[in-house]
Amino acid sequence: MTAHLFSPMQFVFPTHLQLANEQSDGFHQELLRGLTHKLNNLLAVIQGFSSLILMTDDLDANIAENMQHIREASVGVSNLSERVRGAGGCAKLQMQALNLNEYLGVVQTALLEPFTKSNVQLDADVQQSLPAINVDPGKLKDILVEILKNAAEAAAPVGGRAMLKIAGPGAITPAEQRRVDILVSNTGSTITPEKLQQVFRAFYGSKTSNHLGLGLTISSMLCHQMGVQIGIASENNTTTVWLSCPMA
């Protein structure tokens, strides 16, 4: 897969979400960060005491089952709290220079897991000796896992394939922009232009009710915080998500 295949595609970007509100001066982000921090502290208490109760040797079976449900629910709420923080644009970032060639080897298992589960083939075309990019490694992993999971789930029902392409400056974006581009594509379906305009909105999605529809919303917010550009295009039975990362 070469760069010229992507250049004519019409990408949709999440600019309509109004990710940056200059008039808020960060107030709402600080408020949401503080509230989720308080919530997580309370959940930690629930998780701690429920774990202690479950360690009781002669605990009644019914009580043990109920406490296990309470503990699992509190863990689920804690995880959701972190996702809400990300969706609110106030995730804590640890920006650093990241060597993508080395990094991919570290996170390879997590990135491949959706394809192993879905039995979908993932092809990779990663340029060697990529320049370092300026990102939060943990948040970049979250974004890549979300995008790759979506690609695997979209390709699986129709026997499609997926492709990961990473290229340095000049291959896709002009060299003077000093950006490293990550493209994740899957074959098997085309998203209509109407739906494509909505994919970055919270709670929007075509999956089952078990999915909250926050994945791409959170990804777009994290990208915005890190200075990473994100866009999506879908045509000719292929959908492509494009991440453009600033060099360190």
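Here, the structure is the one placed above.
Heads up: these notes are all about the structure in this document.

What to know about the overall build of the chain
Part 1 of the argument: What the chain contains, in helices and strands, is 6 helices and 7 strands.
Part 2 of the argument: Traced from its N-terminal end to its C-terminal end, the chain shows the element sequence α-α-β-α-β-β-α-β-β-α-α-β-β.
Part 3 of the argument: Buried positions account for 38% of the 248 residues belonging to the chain.
Part 4 of the argument: Here the analysis covers contacts within the chain between residues at least 6 apart in sequence; of these, 78% occur between residues at least 24 apart.
Part 5 of the argument: A total of about 13600 Å² of accessible surface is found on the chain, and carbon and sulfur atoms cover 54% of it.

Regarding helix α3 (residues 100–118)
Part 1 of the argument: Along its 19 residues, α3 runs 25 Å from first to last C-alpha, staying within 8% of the 27 Å computed at 1.5 Å per residue.
Part 2 of the argument: Where α3 bends most, at Val107, the angle is about 65 degrees.
Part 3 of the argument: Of all the positions in α3, only Leu100, Tyr103, Leu104, Val107, Ala110, Leu111, Pro114 and Phe115 are classed as buried.
Part 4 of the argument: For α3, the secondary structure elements touched by its buried residues are β1 (96–98), β2 (122–126), β3 (133–135), α4 (137–155), β4 (162–167) and β5 (179–187).
Part 5 of the argument: Two or three places before Asn101, at the opening of α3, Asn99 has a side-chain oxygen 3.0 Å from that residue's backbone nitrogen.
Part 6 of the argument: In the segment just after α3, Asn119 is the residue with positive phi, at about 55 degrees.

Concerning the packing of α4 against helix α6 (residues 215–226)
Part 1 of the argument: Contact geometry for α4 and α6: axes closest at 10 Å, N-to-C directions at 145 degrees. Crossing geometry of α4 relative to α6 is assigned as left-handed. Mapping the contact onto sequence places Lys139, Leu140, Ile143, Glu146 and Asn150 in α4 and Gly215, Leu216, Ser219, Leu222, Cys223 and Met226 in α6.

Looking at the layout of surface pockets
Part 1 of the argument: What the second largest pocket holds in volume is close to 510 Å³.
Part 2 of the argument: Forming the boundary of the second largest pocket are 22 residues, of which Arg83, Asp142, Ile143, Glu146 and Ile218 lie nearest the centre.
Part 3 of the argument: At the level of secondary structure, the elements contributing two or more residues to the lining of the second largest pocket comprise α2 (61–87), α3, α4 and α6.
Part 4 of the argument: Here the lining of the second largest pocket gets 7 residues from one element, more than from any other, and that element is α4.
Part 5 of the argument: Considering only residue class, the lining of the second largest pocket consists of 7 nonpolar, 4 polar and 11 charged.

Remarks on the pairing of strand β7 (residues 238–246)
Part 1 of the argument: The element β7 is extensively covered by neighbouring structure, given that 9 of its 9 residues are classed as buried.
Part 2 of the argument: Here 9 bridges tie β5 to β7, and the two strands are oriented antiparallel to one another. What sits directly across from Val180, in β7, is Cys245.
Part 3 of the argument: Here strand β6 (residues 229–235) pairs with β7 via 7 bridges, running antiparallel. Residue pairing in the sheet places Glu235 in a bridge with Thr238 of β7.
Part 4 of the argument: Remark: 2 residues form the turn of the hairpin made by β6 and β7, two consecutive strands paired antiparallel; Asn236 in that turn has positive phi of roughly 50 degrees.

Calculation notes
Residues numbered from 1 in each chain as written. Predicted model: local features only at pLDDT ≥ 70, side-chain atom pairs only at ≥ 80, totals over all residues. Heavy atoms only, no water. Helix = DSSP H or I, 4+ residues; strand = E, 2+ residues; numbered from the N terminus. Buried < 20%, exposed > 50% of the residue type's maximum accessible area, 1.4 Å probe, protein only. Contact = heavy atoms within 4.5 Å. Areas by Shrake-Rupley, 256 points an atom, 1.4 Å probe, with all protein chains shown as cover. Expected span 1.5 Å × (residues − 1). Bend = angle between axes of the 7 residues up to and from the residue. Polar contact = N/O pair within 3.5 Å; in protein donor to acceptor, adjacent residues only side chain to side chain. Axes fitted to C-alpha atoms, helices over the stretch in contact; angles between N-to-C directions. Left-handed = near helix turned anticlockwise from the far one by under 90°. 1 Å grid on protein atoms, 1.4 Å probe; cavity = no way out; pocket = protein on both sides within 12 Å on 5 of 7 lines; lining within 4 Å. Points joined across faces, edges and corners; volume = space filled by probe spheres on them. Nonpolar A, V, L, I, M, F, W, Y, C, P; charged D, E, K, R; others polar. Pairing = 2+ DSSP bridges.

Nothing here speaks to function; it is all geometry.
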